[in-house]
Amino acid sequence: MEQTITDPIMGPVLFVFFLIIILHFPITILTIFMWISGQLTKKDMKRYEKLNTIANDLGIKNQTFPPQKNLFYFSWLVYQKRVRDYYVPFRNAIREMDGLSKLQVKPDSIPRYFYGSLFLGSDLSNIISTDESAEPYIMVSQEKVVRGKNNVDYYRVIYYRSNELDLPKCKVEPTSELIDSIAPDEDDINFVSDDDFSKKFDLMGDDESKVRALFKDNVRRIMTNNPEWKWKFDGNRIMIKYIISGSTFSDMHDIKPSLGELSLLHNELKTIDITDLPTEEEIAQDTPEEIIDKKLYNKRLATFGCTMGCGTLALLFALPLLLGSFVRLDFEMLFLGLFFGVPGILLFLYGRSEWKRNKRLKAEGKVRDQ
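Thresholds, definitions, all that
Residues numbered from 1 in each chain as written. Predicted model: local features only at pLDDT ≥ 70, side-chain atom pairs only at ≥ 80, totals over all residues. Heavy atoms only, no water. Helix = DSSP H or I, 4+ residues; strand = E, 2+ residues; numbered from the N terminus. Rg over C-alpha atoms; globule rule 2.2 N^0.38 Å. Buried < 20%, exposed > 50% of the residue type's maximum accessible area, 1.4 Å probe, protein only. Contact = heavy atoms within 4.5 Å. Core = buried A, V, L, I, M, F, W, Y, C linked by side-chain atoms within 4.5 Å. Axes fitted to C-alpha atoms, helices over the stretch in contact; angles between N-to-C directions. Parallel < 35°, antiparallel > 145°, perpendicular 65-115°, else oblique. Left-handed = near helix turned anticlockwise from the far one by under 90°. Nonpolar A, V, L, I, M, F, W, Y, C, P; charged D, E, K, R; others polar. Patch = residues over 30% accessible without salt bridge, like charges linked within 9 Å, V, L, I, M, F, W, Y side chains within 5 Å. Areas by Shrake-Rupley, 256 points an atom, 1.4 Å probe, with all protein chains shown as cover. Salt bridge = Lys/Arg side-chain N within 4 Å of Asp/Glu carboxyl O. Lys, Arg positive; Asp, Glu negative; His and termini not counted. Charge placed at Lys NZ, Arg CZ, Asp CG, Glu CD. Phe/Tyr/Trp six-rings, centres within 6.5 Å; stacked < 30°, edge-to-face > 60°. Lys NZ or Arg CZ within 6 Å of the ring centre and 35° of its normal. Expected span 1.5 Å × (residues − 1). Bend = angle between axes of the 7 residues up to and from the residue.

Q: Lay out the overall build of the protein with the relevant residues and their values.
A: Each helix and strand in the protein was counted, giving 13 helices and ten strands. In summary, the protein has a C-alpha radius of gyration of 28 Å against a globular reference of 21 Å for 370 residues, an excess of more than 25%. Reported as C-alpha extents along the three principal axes, the dimensions of the protein are approximately 90 × 70 × 35 Å. Within the protein, buried positions represent 38% of all 370 residues. Considering only residue pairs separated by 6 or more positions, the protein has 70% of its internal contacts joining residues 24 or more positions apart.

Structure follows, in structure tokens:
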């Protein structure tokens, strides 16, 4: 009688047990390979020593978590968790500037040791910085951004904080000439007096008058000299990012010149009276009108006409799926309907708004022969 009761229970238990073993076997092999590779390579040791040299040259500290060799497998798993936890405060400073929520240090546990090792520590590394209480506080780091399956970009990130600064929240990013010509952002702040800066960058900020008061000629000139940099300003903080590769990635010779440019910018910014705001008349005089030729106008209408058409087709395909999902209570059809329907609505609305905006330009006489 006992045999007949335990057999139905042991069968599913054994199946789940072997399923867990089968699923975790490749993960274990991968982590063992990562452990062996990390213990054999000396690249991280060389990079750590190079950072020591750069930090000493600049008179600041190498804050990078020191690499450790000759670790057993389980010690290495714990070490990886220590690395991730160590970088959390540094990552949070950057995430806050990017408008992201703060990360929290998770309690230690065996699953976090094991699964967390797959993330190779942190996407932030090679950190040198001043003391937290320094004036100004400077942190230089390197950030890995995954763009696709086999596409990874590495950025130099410089975080700068000074009590001498009181900056409006805004950002400056390199513009794409093609996108800017077809669909310029109406919130982009441009200058009649500085066409070169306006063509190279998109300047966004909630308070246009304060942003224009801040972006004096010398400030714009420093940015124009570094056309591939991305800038963010917020209160007493500045953050810059730019892609690094090749010799820049290995030699890190870009750090000292970049800090020099940031020092020049700081000297300019602290002399600006942010309360001396331009009048509405001055803003209007320095804001370029959007005047386009007929060729670009026709190209825009064709582009946004196609955008509306693609959105309409996606909606026509999604509507029967959505209707069928409610009739049949089929969640798979509902998912497919939303998969095509939501992008279709967004495409149609975007194309329609840009179509109407360009039609308004023509009605206002801003579409000309040349």
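Q: Could you give an account of the nonpolar core, with specific residues and numbers?
A: Nonpolar side chains in soluble globular proteins tend to be buried together. Counting 40 residues, the largest nonpolar core has F215, W231, F233, I238 and L269 as the members making the most contacts within it. Top element by residues in this core is helix α10 (residues 255–269). It accounts for five residues. Those residues in contact with I238 that sit more than four places away from it in its chain are M97, I158, Y159, Y160, L165, L167, W231, K232, F233, L262, L265 and L269. In this structure, Y73, V83, V157 and Y159 belong to the second largest nonpolar core, which totals 23 residues.

Q: Just give me the short version of the packing of helix α8 (residues 217–224) against α10, but keep the residues and values in it.
A: Look at α8 against α10: their axes get within 9 Å of each other, and the N-to-C directions meet at 165 degrees. Put simply, α8 runs roughly antiparallel to α10. Considering the relative orientation of α8 and α10, their crossing is left-handed. Residues N218, V219 and I222 of α8 lie in contact with α10, whose contacting residues are E261, L264, L265, E268 and L269. For the contact of α8 with α10, the residue count by class is five nonpolar, one polar and two charged.

Q: Tell me what's going on with a negative patch on the surface, and back it up with residues and numbers.
A: Together, D273, D276, E280, E281 and E282 make up a negatively charged patch on the protein surface. Position of D276 relative to the elements: it lies in the loop between α10 and α11 (280–285). D276 sits in the partly exposed class, given a relative accessible area of 49%.

Q: I'd like a rundown of the pattern of salt bridges, residues and numbers included.
A: As enumerated under the stated definition, the model contains 22 salt bridges in all. We note a salt bridge from D98 to K241, for which the minimum N-O separation is 3.2 Å. Of this pair, D98 sits in the loop between α3 (73–97) and α4 (110–116) while K241 is found in strand β8 (residues 237–244), placing the two residues 143 residues apart along the sequence.

Q: Describe the packing of aromatic side chains, with residues and values.
A: Throughout the structure, instances matching the rule amount to 18 aromatic pairs. Each ring, one from F304 and one from Y350, has its centre 5.9 Å from the other, and the planes form 80 degrees; the classification is edge-to-face. With F304 in helix α12 (residues 294–328) and Y350 in helix α13 (residues 331–363), this residue pair connects regions lying 46 residues apart in the sequence. With a relative accessible area of 2%, F304 lands in the buried category. An angle of 75 degrees between the planes, with centres 4.8 Å apart, marks the rings of F317 and F340 as edge-to-face. Residue F317 is located in helix α12, and its partner F340 is located in helix α13; the two are separated by 23 residues in the primary sequence. Its guanidinium or amino end placed over the ring of F191, R212 lies 4.8 Å from that ring's centre, counting from NZ or CZ. The ring of F191 carries R220 above its face, with NZ or CZ at 4.4 Å from the centroid.

Q: Just give me the short version of a nonpolar patch on the surface, but keep the residues and values in it.
A: Side chains of L30, F33, Y115 and L118 sit close together on the surface and give an oily, nonpolar patch of about 380 Å² of accessible area. Turning to its location among the elements, F33 is positioned in helix α1 (residues 2–40).

Q: Mind laying out α3, listing which residues take part and the relevant values?
A: With 25 residues, α3 should cover 36 Å at 1.5 Å per step; its first-to-last C-alpha distance of 37 Å lies within 8% of that length. The largest bend along α3 measures about 40 degrees and falls at V88, with the proline P89 one to four residues further on.

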